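# Observations on chain architecture
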Amino acid sequence: TNRRADDAGIALAHLFSEEMEPVLQRLNQLPENSFIQFLQSAGIKSLPAIPAEALLQFSVSNSALQPVYVPAGFQVGASSANGMVIFETNTDLYAMPGSIQEIYAFGHGLYRSIDPTQTSTPFLPFGSHPAPGLAFFIGLPATAGVLPGPQISLGIEVQGPAGQVPPVSTGGVAPLPAPLSPLLGWDVLDGNTYREARVLQDETSGLVQSGIVTLELPDTWNPGIPQGAPDTAPRLWIRLQVLYGSYPSPPTLLSVQANMVRATAVQSFYNEVLTPLPGINNQPSVMTLSQTPVLPGSLYLSVDDTADLTFSPGNATPHGVSG
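To keep things clear, this report deals only with the structure shown in the data block. Because the structure is a prediction, the values reported are computed rather than measured.

### Comments concerning unusual backbone geometry
- A cis amide bond links Thr292 with the next residue in sequence, Pro293, at an omega value of 0 degrees.
- Note that Pro293 resides in the segment after β18 (286-288).
- In this structure, Leu207 is a non-glycine residue whose phi angle is positive, near 65 degrees.
- Along the chain, Leu207 turns up in the loop between β12 (198-202) and β13 (211-216).
- The exposure class of Leu207 is buried, given its relative accessible area of 2%.
- Unlike most non-glycine residues, Asn259 shows phi in positive territory, near 60 degrees.
- Within the element layout of this structure, Asn259 appears in the loop between β15 (253-258) and β16 (260-264).

### With respect to the sheet that holds strand β9 (residues 151-158)
- One open sheet accounts for four strands, arranged β12-β13-β9-β15; its pairing is antiparallel. The strands lining the two open edges of the sheet, one partner per strand, are β12 and β15. Neighbour to neighbour, the strand axes of the sheet diverge by 25 degrees on average, direction disregarded.

### Regarding the packing of aromatic side chains
- Summed over all chains, the structure comprises 10 aromatic pairs.
- A ring pair is formed by Tyr104 and Tyr111, whose centres lie 5.7 Å apart and whose planes are at 70 degrees; its orientation type is edge-to-face.
- Tyr104 sits in the buried class, given a relative accessible area of 5%.
- You can call Tyr111 buried: its relative accessible area is 17%.
- Aromatic rings pair up to connect Tyr104, Phe106, Tyr111, Phe137 and Trp237 into one cluster.
- It is Arg239 that lies over the ring of Tyr194; its NZ or CZ is 3.7 Å from the centre.

### Looking at the sheet that holds strand β4 (residues 83-89)
- Spatial strand order, β1-β16-β4-β3: four strands in an open sheet with antiparallel pairing. Either end of the sheet is taken by a strand with one partner, and the two such strands are β1 (53-57) and β3 (75-80). In this sheet, adjacent strand axes meet at a mean angle of 40 degrees when their direction is disregarded.

### A few points about helix α1 (residues 8-27)
- The terminal C-alpha atoms of α1, which comprises 20 residues, lie 29 Å apart, in line with the 28 Å expected from a rise of 1.5 Å per residue.
- Bending of α1 peaks at approximately 30 degrees at the position of Met20, with proline Pro22 no more than four residues after it.
- Between a side-chain oxygen at the N-terminus of α1 and the backbone nitrogen of Gly9 the separation is 2.9 Å; the capping residue is Asp7.

### Some points on the pairing of strand β8 (residues 135-140)
- The element β8 is largely enclosed, with a buried count of six among its six residues.
- Along β8, one buried face is formed by Ala135, Phe137 and Gly139 and the opposite face, lined by Phe136, Ile138 and Leu140, is buried too.
- When strand β6 (residues 102-107) meets β8, the two strands line up antiparallel, connected through five bridges. The partner of Ile103 across the bridge, within β8, is Ile138.
- Two elements, β8 and strand β14 (residues 236-244), share six bridges in a ladder whose sense is antiparallel. Following the sheet pairing, Leu140 is matched in β14 by Leu236.

### Brief notes about the nonpolar core
- Core analysis: the biggest nonpolar cluster contains 33 residues, and Phe126, Phe136, Leu140, Trp186, Ile238 and Val256 have the highest contact counts within it.
- Listed by contribution, the elements that provide at least two residues to this core are β6, β8, β9, β10 (183-190), β13, β14 and β15.
- In this structure Ile238 touches Phe136, Phe137, Ile138, Leu140, Ile152, Trp186, Asp187, Val188, Leu215 and Trp221, once residues within four positions along its chain are discounted.
- Residues Leu56, Leu93, Ala95 and Val261 belong to the second largest nonpolar core, which totals nine residues.

### A look at the environment of Thr275
- Among the secondary structure elements, Thr275 is positioned in strand β17 (residues 275-277).
- On the accessibility criterion, Thr275 (43% relative accessible area) is partly exposed.
- Separated by 13 residues in the primary sequence, Thr275 and Thr288 place their C-alpha atoms 5.3 Å from one another.

### Some remarks on the pattern of salt bridges
- Applying the stated criterion to the full structure yields six salt bridges.
- Salt-bridge contacts for Glu102 lead to Arg235; the nearest nitrogen and oxygen are separated by 2.8 Å. Of the two residues, Glu102 is situated in strand β6 and Arg235 in the loop between β13 and β14; the sequence distance between them amounts to 133 residues.
- For Glu203, the salt bridge goes to Arg262, with nearest N and O atoms at 2.6 Å. Linking Glu203 in the loop between β12 and β13 with Arg262 in strand β16, this pair joins segments that are 59 residues apart in sequence.
- Here Glu203 falls in the partly exposed class, since its relative accessible area comes to 21%.
- The exposure class assigned to Arg262 is partly exposed, which follows from its relative accessible area of 22%.
- Sharing partners across several salt bridges, the network here consists of Glu53, Glu203 and Arg262.

What counts and what doesn't
Residues numbered from 1 in each chain as written. Predicted model: local features only at pLDDT ≥ 70, side-chain atom pairs only at ≥ 80, totals over all residues. Heavy atoms only, no water. Helix = DSSP H or I, 4+ residues; strand = E, 2+ residues; numbered from the N terminus. Buried < 20%, exposed > 50% of the residue type's maximum accessible area, 1.4 Å probe, protein only. Pairing = 2+ DSSP bridges. Axes fitted to C-alpha atoms, helices over the stretch in contact; angles between N-to-C directions. Phe/Tyr/Trp six-rings, centres within 6.5 Å; stacked < 30°, edge-to-face > 60°. Lys NZ or Arg CZ within 6 Å of the ring centre and 35° of its normal. Expected span 1.5 Å × (residues − 1). Bend = angle between axes of the 7 residues up to and from the residue. Polar contact = N/O pair within 3.5 Å; in protein donor to acceptor, adjacent residues only side chain to side chain. Core = buried A, V, L, I, M, F, W, Y, C linked by side-chain atoms within 4.5 Å. Contact = heavy atoms within 4.5 Å. Salt bridge = Lys/Arg side-chain N within 4 Å of Asp/Glu carboxyl O.

In structure tokens:
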């Protein structure tokens, strides 16, 4: 009945409560553990751990005279609570100087200007009723003697429908099937002539999901002005046009950014020196790596069997091996 803080009984009660708290925490996890055991008995297993992925954007000065080549495997670092996390680019990137200057949505002979600096305001690239002939224009800076490169990579963010299950990248359990899209055509305005830009990669599947689009550019690309556009200064223009078909619902974009590449939180190590572990009962040799875990399918093992390891009389050292 004595509840003063200096009472011995109250002190024992506090002691027992401190000791019971971790026990109760573990006890509260029993329902979750039972659910996991139930799923495993039904043959459902948890997803394996996978490295994180990110979209990187590289910026090149407007005064640069040529694009910057960023090879696949280029490493960048990101600080976290547990130290530095290394990301490696998945593909090659040719980062062009400058950034996107203008964006137009073209339909029925009219050009509708879209602010390229807005990264969260939704817009319809083909209007509310996409149909063949409607187009989407992307204007790049035009500098004498400077081309964006043999390739250009565009990061396109597509707004999903309301109520849609979140994608795997944000916690969803499975990727949703991409809806069918019409036949689209990418080309560039070379002076007054449109020339095809071959699609090397299209993660958007025709602007139905977010991703990166990589285009192969022609050898020559002269600045120009699209016919009927309100521009007065020539630029380098990319056109995305609906050639055939239609969308179930018009695509809505949030942003279009240049110089985008996908990266994975992995780090490559080369010329690894393997350390053999002692064999047990004539079992095959086991080697250890300096870094673990290893991304499945990323380990390449080569054996150098060019050295002469035979023994010569009177010499205990194999030929080709120095002490």
